[in-house]
Amino acid sequence: SRPLSENVAPGRTDEEIQIVFDRYKAALYRIYNTELRKDPTLSGKMLLRISIETSGEVSLCQVEATDLASPELVAQIVERIKRFNFGPKEGVPRTTILYPIDFLPSG
């Protein structure tokens, strides 16, 4: 999964965004694994629209598409991503990306 940037102007690079997602990956998978205990067949994809402010705060996280059969999981993931901080980056306007996440049971 890699971010799909819409901005061509100076902004946050896909690599910078991916580093932050990698940092928070364990938190997202903790949420997923909790739901997986309730439904061992739970798997699927989410495509999220995320806006990151100059301050690094997430001002928008909404689901563009998902095939996950758990509205609770989707809502929890969105709420967790809203608490991400990408770090301040002066002179960079709000960056909006589409970010895909795949949730697959391990094993």
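Look up: the structure comes first, before these words.
Residues numbered from 1 in each chain as written. Predicted model: local features only at pLDDT ≥ 70, side-chain atom pairs only at ≥ 80, totals over all residues. Heavy atoms only, no water.

Asker: I'm lost on the nonpolar core in this one. Help?
Answerer: Soluble globular proteins tend to bury their nonpolar side chains together. One finds Phe-21, Ile-50, Ile-81 and Phe-84 to be the most contacted residues of the largest nonpolar core, which totals 27 residues. Among the elements of the structure, α1 (14-38), β2 (44-52), β3 (58-66), α2 (71-81) and β4 (95-103) are those that each provide at least two residues to this core. Examining the composition of this core, we find that eight residues originate from one element, α1, more than from any other. With residues near it in sequence (within four places) discarded, Phe-84 still touches Val-20, Phe-21, Tyr-24, Leu-28, Gly-56, Glu-57 and Val-58. (Core = buried A, V, L, I, M, F, W, Y, C linked by side-chain atoms within 4.5 Å. Buried < 20%, exposed > 50% of the residue type's maximum accessible area, 1.4 Å probe, protein only. Helix = DSSP H or I, 4+ residues; strand = E, 2+ residues; numbered from the N terminus. Contact = heavy atoms within 4.5 Å.)

Asker: Explain the packing of aromatic side chains here, please?
Answerer: What describes a pair of aromatic rings is the distance from one ring centre to the other and the angle between the planes of the rings. A full pass over the atoms with the stated rule returns eight aromatic pairs. When the ring of Phe-21 is compared with that of Tyr-99, the centres are 3.7 Å apart and the planes differ by 10 degrees; the resulting orientation is stacked. One end of the pair, Phe-21, is in helix α1; the other, Tyr-99, is in strand β4, with 78 residues separating them in the sequence. Classification of Phe-21 as buried rests on a relative accessible area of 4%. Each ring, one from Tyr-29 and one from Tyr-32, has its centre 5.8 Å from the other, and the planes form 85 degrees; the classification is edge-to-face. With a gap of three residues between them, Tyr-29 and Tyr-32 both fall in helix α1, about one helical turn apart. The class of Tyr-32 is buried, set by a relative accessible area of 1%. Here the aromatic cluster, defined as three or more aromatic residues joined through ring pairs, consists of Phe-21, Tyr-24, Phe-84, Phe-86 and Tyr-99. (Phe/Tyr/Trp six-rings, centres within 6.5 Å; stacked < 30°, edge-to-face > 60°.)

Asker: Even after reading the chapter, I still don't get α1, so can you show me in this structure?
Answerer: Each α-helix turn comprises 3.6 residues. Residues three or four places apart therefore point the same way. Counted at 1.5 Å a residue, the expected span for α1 with its 25 residues is 36 Å, and the 34 Å between its end C-alpha atoms agrees. Of all the bends in α1, the largest measures some 50 degrees and sits at Tyr-24. For α1, the complete set of buried residues consists of Ile-17, Gln-18, Val-20, Phe-21, Tyr-24, Ala-27, Leu-28, Ile-31, Tyr-32, Glu-35 and Leu-36. On its buried side, α1 packs onto β2, α2 and β4. (Expected span 1.5 Å × (residues − 1). Bend = angle between axes of the 7 residues up to and from the residue.)

Asker: Sorry if this is basic, but what is going on with the side chain of Ser-70 here?
Answerer: Structurally, Ser-70 can be placed in the loop between β3 and α2. In terms of polar contacts, Ser-70 uses its side chain to reach the backbone amide nitrogen of Leu-73, at 3.1 Å. Discounting chain neighbours no more than four positions away, the residues touching Ser-70 are Glu-35 and Leu-42. (Polar contact = N/O pair within 3.5 Å; in protein donor to acceptor, adjacent residues only side chain to side chain.)

Asker: How should I be thinking about the pattern of salt bridges in this particular structure?
Answerer: Two side chains of opposite charge can pair, provided their charged atoms sit close to one another. Under the criterion given, the structure shown has five salt bridges. A salt bridge links Arg-49 to Glu-64, with the shortest nitrogen-to-oxygen separation between them at 3.0 Å. Linking Arg-49 in strand β2 with Glu-64 in strand β3, this pair joins segments that are 15 residues apart in sequence. Two residues, Glu-53 and Arg-94, come together in a salt bridge whose shortest N-O distance is 2.7 Å. Taken together, the residues Glu-53 in the loop between β2 and β3 and Arg-94 in the loop between α2 and β4 connect sequence positions 41 residues apart. (Salt bridge = Lys/Arg side-chain N within 4 Å of Asp/Glu carboxyl O.)

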